[in-house]
Amino acid sequence: MVPLSWYLILSAVLFCLGVLGFLLKRNIITIFMSIELMLNAVNLTFVAFANYWNAHGGLLPSGKPVVGLSGHVFVFFVMVVAAAEAAVGLAIIIAVFRTRETLNVDRVNLLKL
Amino acid sequence: MVHQILFIIFALMCVAGAVNLLRQSHPINSALSLVVVMASLALIYLLLGAEFLAAIQVIVYAGAIMVLFVFVIMLLNAGAEERSTGSRIALIVGVPGALVLGVLVGWIMISNNKLLGSVAISPTDFGETHFIARLLFRDFLLPFEVTSVLILIAIMGAVVLGRKES
Amino acid sequence: MTENLHLWAIPLLPLAGAAINGLLGRHFKNAVVSTVALFFTAMSFGWAAWAVKSAWPGGNIALPHTETVGTWIWAGKFTVPFGFYLDQLSMIMVLVVTGVGFLIHIYSVGYMAHEGGYYRFFAYLNLFMFFMLTLVLANNYLLMFVGWEGVGLASYLLIGFFFLKDSAADAGKKAFIVNRIGDFAFLIGMFLIIQHWGSLNYDVVFNGVSQLSPEAGWGLLTAIALCLMFGAAGKSAQVPLYVWLPDAMEGPTPVSALIHAATMVTAGIYMIARSNAIFSRAPHALEVVAIIGCLTAIFAATMGMAQTDIKRVLAYSTVSQLGYMFLACGVAAYSAAIFHLMTHAFFKALLFLGAGSVIHAVGGEQDMRRMGGLRKLIPRTFWVVTIATIAIAGIPPFAGFFSKDEILGQVFASPHGGKILWAVGLLTAGLTSFYMFRLWFMTFFGELKLGSVDVGEEAHKASAPAHAAHDAASHAHGHADDQSHGHGGVHESPWIMIAPLMVLALFSIVGGWVGVPASMGGHNEIGNFLSPVMHASTTAKIVAVERGSEAAGHQTEEPKENSSEELMLAGTSVLVALIGFYFAWLLYYKRPELPDRITAKIHGIYLLVLHKYYVDEGYGQLIVKPLLALSTVVFWRGVDQGVIDGLVNGAGSASKGIGGELRRIQSGNIRSYAAWVAIGGAAVIAYMIWIGVAK
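Basis of the calculations
Residues numbered from 1 in each chain as written. Chains lettered and ligands numbered in written order. Predicted model: local features only at pLDDT ≥ 70, side-chain atom pairs only at ≥ 80, totals over all residues. Helix = DSSP H or I, 4+ residues; strand = E, 2+ residues; numbered from the N terminus. Contact = placed C-beta atoms within 7 Å. pLDDT = per-residue confidence, 0-100. Nonpolar A, V, L, I, M, F, W, Y, C, P; charged D, E, K, R; others polar. Core = buried A, V, L, I, M, F, W, Y, C linked by C-beta atoms within 7 Å. Buried ≥ 20, exposed ≤ 12 C-beta atoms within 10 Å, placed from the backbone. Arc of directions from axis to C-beta. Axes fitted to C-alpha atoms, helices over the stretch in contact; angles between N-to-C directions. Parallel < 35°, antiparallel > 145°, perpendicular 65-115°, else oblique. Bend = angle between axes of the 7 residues up to and from the residue. Pairing = 2+ DSSP bridges.

Novice: Is there a simple way to think about the overall build of chain A in this case?
Specialist: The secondary structure content of chain A amounts to three helices and one strand. Long-range pairs, those at least 24 residues apart, make up 50% of the contacts in chain A with a sequence separation of at least 6.

Novice: How should I be thinking about the overall build of chain B in this particular structure?
Specialist: The helix and strand tally for chain B stands at seven helices and one strand. Long-range pairs, those at least 24 residues apart, make up 58% of the contacts in chain B between residues at least 6 apart in sequence.

Novice: How should I be thinking about the confidence of the model for chain A in this particular structure?
Specialist: In low-pLDDT segments, the atomic positions of the prediction should not be examined closely. A residue-level look at chain A finds 97% of positions with pLDDT of 70 or above and a mean pLDDT of 88. The secondary-structure element of chain A with the lowest mean pLDDT is strand β1 (residues 2–3) of chain A, recorded at 86, while helix α2 (residues 28–56) of chain A shows the highest, at 92.

Novice: When you look at the interface of chain A and chain C in this model, what are you seeing that I'm missing?
Specialist: Buried accessible area, meaning the area lost when the parts come together, often serves as the stated size of an interface. Taken together, the contacts link ten residues of chain A with ten residues of chain C. Classifying every residue of the side of chain A that touches chain C by side-chain character gives seven nonpolar, one polar and two charged.

Novice: Help me understand the interface of chain A and chain B in this model?
Specialist: In this complex, chain A contributes 62 residues to the contact, which on the side of chain B involves 74 residues. Counting only elements with at least two residues in the side of chain A that touches chain B, the list comes to β1, α1 (4–24), α2 and α3 (70–100) of chain A. Its residues assigned to classes, the side of chain A that touches chain B comprises 48 nonpolar, eleven polar and three charged.

Novice: Whenever I open this one, the environment of C:Pro57 confuses me. Can you help?
Specialist: Within the fold, C:Pro57 resides in the loop between α2 (30–55) and β1 (65–75). In the structure, C:Pro57 is positioned 30 residues away from C:Asp87 in sequence and 9.2 Å away in space, judged by C-alpha atoms.

Novice: Explain the confidence of the model for chain B here, please?
Specialist: The predicted model of chain B has a mean per-residue pLDDT of 87, with 95% of residues at 70 or higher. The ipTM for the predicted assembly is 0.89, set against a pTM of 0.69.

Novice: What is the right way to look at the nonpolar core in this model?
Specialist: Residues C:Phe128, C:Leu327, C:Ala337, C:Ala349 and C:Leu350 are the most contacted members of the largest nonpolar core, which totals 214 residues. The biggest single contributor to this core is helix α15 (residues 334–361) of chain C, with 19 residues. The contacts of C:Ala349, once residues within four sequence positions are left out, are C:Val100, C:Ile104, C:Ala257, C:Ala261, C:Ala262 and C:Leu504. Membership of the second largest hydrophobic core comes to 88 residues, among which are A:Val19, A:Ile31, B:Ala11 and B:Ile132.

Novice: Sorry, what's going on with unusual backbone geometry here?
Specialist: Only a minority of non-glycine residues have a phi that is not negative, and only a minority of peptide bonds are not trans. In this structure, the amide linkage connecting C:Val239 to the following residue, C:Pro240, adopts the cis form with an omega of 0°. Its place among the elements puts C:Pro240 in the loop between α8 (218–235) and α9 (244–247).

Novice: What is the right way to read helix α7 (residues 202–211) of chain C from this model?
Specialist: Side chains of residues three or four places apart in an α-helix project in the same direction, reflecting 3.6 residues per turn. Residue and element names in this part refer to chain C. Residues Tyr202, Val205 and Val209 constitute the buried set of α7. Across the axial projection of α7, the buried residues extend over an arc of 80°, all falling on one side. At its buried positions, α7 is contacted by β2 (78–86), α6 (166–197), α11 (267–274) and α12 (276–280).

Novice: I would appreciate a short explanation of the packing of α1(A) against helix α1 (residues 2–23) of chain B in the present structure.
Specialist: How two helices sit against one another is set out by the angle between their axes and by the gap between those axes. Taken N-terminus to C-terminus, the directions of α1(A) and α1(B) make an angle of 5°; their axes are 9 Å apart at the nearest point. Here α1(B) runs roughly parallel to α1(A), going by the angle between their axes. Across the interface between the two elements, A:Trp6, A:Leu10, A:Val13, A:Leu14, A:Leu17, A:Leu20, A:Gly21 and A:Leu24 from α1(A) touch B:Phe7, B:Ala11, B:Cys14, B:Val15, B:Ala18, B:Val19, B:Leu21 and B:Leu22 from α1(B). Among the residues forming the contact of α1(A) with α1(B), the class breakdown is 15 nonpolar, one polar and no charged.

Novice: Help me understand helix α28 (residues 615–663) of chain C in this model?
Specialist: Along α28(C), the largest kink reaches about 40° and is centred on C:Gly646. When you tally the buried positions in α28(C), you get zero out of 49 residues, a small fraction of the element.

Novice: How should I be thinking about the environment of B:Ile56 in this particular structure?
Specialist: As for its position among the elements, B:Ile56 is in helix α3 (residues 51–76). In this structure the C-alpha to C-alpha distance between B:Ile56 and B:Ala42, which are 14 residues apart in sequence, comes to 8.6 Å. For B:Ile56, the contacting residues outside a window of four places in its chain are A:Phe76 and A:Met79.

Novice: Where do I start with the pairing of β2(C) in this structure?
Specialist: Both faces of the sheet carry side chains from a regular strand, because those side chains alternate between them. Residue and element names in this part refer to chain C. Pairing of β1 with β2, which is carried by eight bridges, proceeds in the antiparallel orientation. In the sheet register, Glu67 faces β2, and the bridge partner there is Phe84. Once β1 ends, the chain turns through two residues before running back antiparallel as β2, passing Gly76 with a positive phi of about 70°.

Novice: Help me out: how do you make sense of the environment of C:Phe186 in this one?
Specialist: Residue and element names in this part refer to chain C. Tracing the sequence through the fold places Phe186 in helix α6. The exposure class of Phe186 is buried, given the 27 C-beta atoms found within 10 Å. Between the C-alpha atom of Phe186 and that of Tyr141, which follows or precedes it by 45 residues, the distance is 9.7 Å.

Novice: Would you explain the packing of α2(A) against α3(B) in this entry?
Specialist: Where α2(A) contacts α3(B), the axes come no closer than 12 Å and their chain directions differ by 175°. One element, α2(A), and the other, α3(B), form an angle in the roughly antiparallel class. Contacts between α2(A) and α3(B) involve A:Ile29, A:Met33, A:Glu36 and A:Val47 from the former and B:Leu53, B:Ile65, B:Phe69, B:Val72 and B:Ile73 from the latter. Class assignment of the residues belonging to the contact of α2(A) with α3(B) gives a composition of eight nonpolar, no polar and one charged.

Laid out in structure tokens, this is it:
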């Protein structure tokens, strides 16, 4: 019997590491990967709660019962969106690389006021 | 007992992979660490009874998205990161912020430990594919179709952005 | 039954004329402008005459007759109506203003014929009539104050009519500003009245005053009276606020005649006469009025003796005569003051218009030392000015004698230092006669000295303003050829200018005959006519008669004397006038070298008087300079630039500074943006925990 909170704490730790990666790394691709890490942490939370709701049941505020499985569906959609985002994001990175010739995110500061 | 041990092993694998992602300077190493994280997360999903999702995680995330990342790294011939201090704010403000965030969330979880209850591995048909399919094609049909449009747009965007200027 | 006389039309007709001429006059020919102006003024005079005739005592309409056209201010219990008030006093005033005003309008058509800004002149003149009529017909102090301020405005506009000349513009400003000082005191008086009686309507206030018991409200009434008096001193050019009137001669001569002789300067006297109920209950204020009037009279008379510009002599003469009227009010002889106001309007307007005719004839010269021998050259002007001079000197049976004699008689009989005031007044009468005949001799007798006489150093310096005025007047007068007129030099004025002079001369002769006292076989019609207005506070009168004490008593009644005393006093004043004439004849006709020898002997005193006792210079040093320094250093540099600009600019630079600091968040660096997001997220979660949403 693993307490649910352990899963959630793991998720929080992964999220935190993702944020730290975003802040500390200078390669733009690595930053992108940290974003993927954050998304995965959130997925873990959803799955954990799906299990919780399935085990305990409950009512939505509108009166209908909570379907635990909808947590899985949500994760499904997150993955789809993550895939799309990864595709487009990497395309952008390639475009930026073509103009700036660098993958160092500190050099891409053309929006500076 | 077994459950707990399994969880701890997989959790450690996960965290180790994430930490390694941060510590490596070459992006390809970071990408491979991320694959390790995704694989261990798939195993954790199995512990939580989400069979379909575990499979999807491996196929889509580790198999497609990460491969895409690796392709791009190879295409751009990304080398090891250089050391530059572009932003002091990121270090001074961001790192404490992130840490505080993590600690707070963790603290909430811990203090509500009793409420959350616990998870057990039990032979249920909880995360089975046909149940998810039923939900997906019945209750969540519209979002499903919309995501297909989204993917189409993403494809178009990626093609346009990735094209060479002629 | 009281029929409606539509008194509001009397002021509004000239206003219509002013509006038409002011807005559209630019496009009219001169003839159209003058027709419009004369038409509305004549209508106003006609209406006023009809109203007076309808409301004459003994007819259908009860006096005082009030007409209200609407409410102007309504603030809780305090209301101010657009009310018009017709009683014996305002009847005399309205007839004098419209009548003399109309004559001067006719004169101006001829005098200003060659001037630029013709339409502007008549617009301002009509505007002045509107305000002056509002002043005399108002039934409450506030509407009177509207007229009061308005005539000050019109005076400023007309004095500075030749606004391209610096001295004229400065004179206009000086008049307005000095008037404002008096107006400030007037306002304080009005505030005190509002505070005590809650209204500014004459009937409410005067009834309220008469309700007060004899000793009660003594201090308050004295304060109100002194404030009103100070306001009147500003408008009627008394010491210490007379300094604007001599400089006001920069304006065209008809302006000097209308505003600074016949009507505007009499507004102060009218106000005091109207407020006689208040003044009669404040004997100390009355003493102050009398002393100021007396002081002004003799002060101005001495200054008039040394002036060489013909208009300046008349200006000082006006100040001196206003002093007489003030003196009369000061001994509670209000009807005598109004009587003198009326006769003075006739002969002073005539003098000014005549002087204008003289100036016109000699082509713009205003210095009397260059004139002379004009008797034969401009005979009609000579005769009318002679009539006016005899009138002002106070020689019977002309108008000035009766009114001046009435004043001196009342002063003599006043128990408060009356004899001293009378003596000074008598001396002033002598001086008046002297300097007026001096003017007469210098202008009309001897030989014409135009341009050929060097007028000497000191006098040259002293009359430098007059000199500059004369120079520019000759330019502004539109005569390109300086001395001659193209057809033979000195010539008589056209009939359009002479005709009003003749009418005024007639009134200067017969105008005094309405006030012939009983001792000389008359019935003092004007005194009896005005008595219902002047004895407003009957309670006080009764109390005065019972107690017979000086403090409350003597000021409420017009002092009485017996007949033989009256005749003696009359004889004395005629004698003094003749002595003045003798000295003028001696010094300026028989032995013209004497004045220079005399002034050489009393050189110091002569210089003092010539420079008008250095009063203007004194005011400049004592008041104007410190005020200017205060304004520059404290208000301009300190408050305006330092505080206000500092605040505004400071707000701007503070915004700039904060913006500059905030700008640094937008560094363009992705990692710093992420950092801010992270800490923001942490803050939000911490807040949610803190308020208990997330536990």
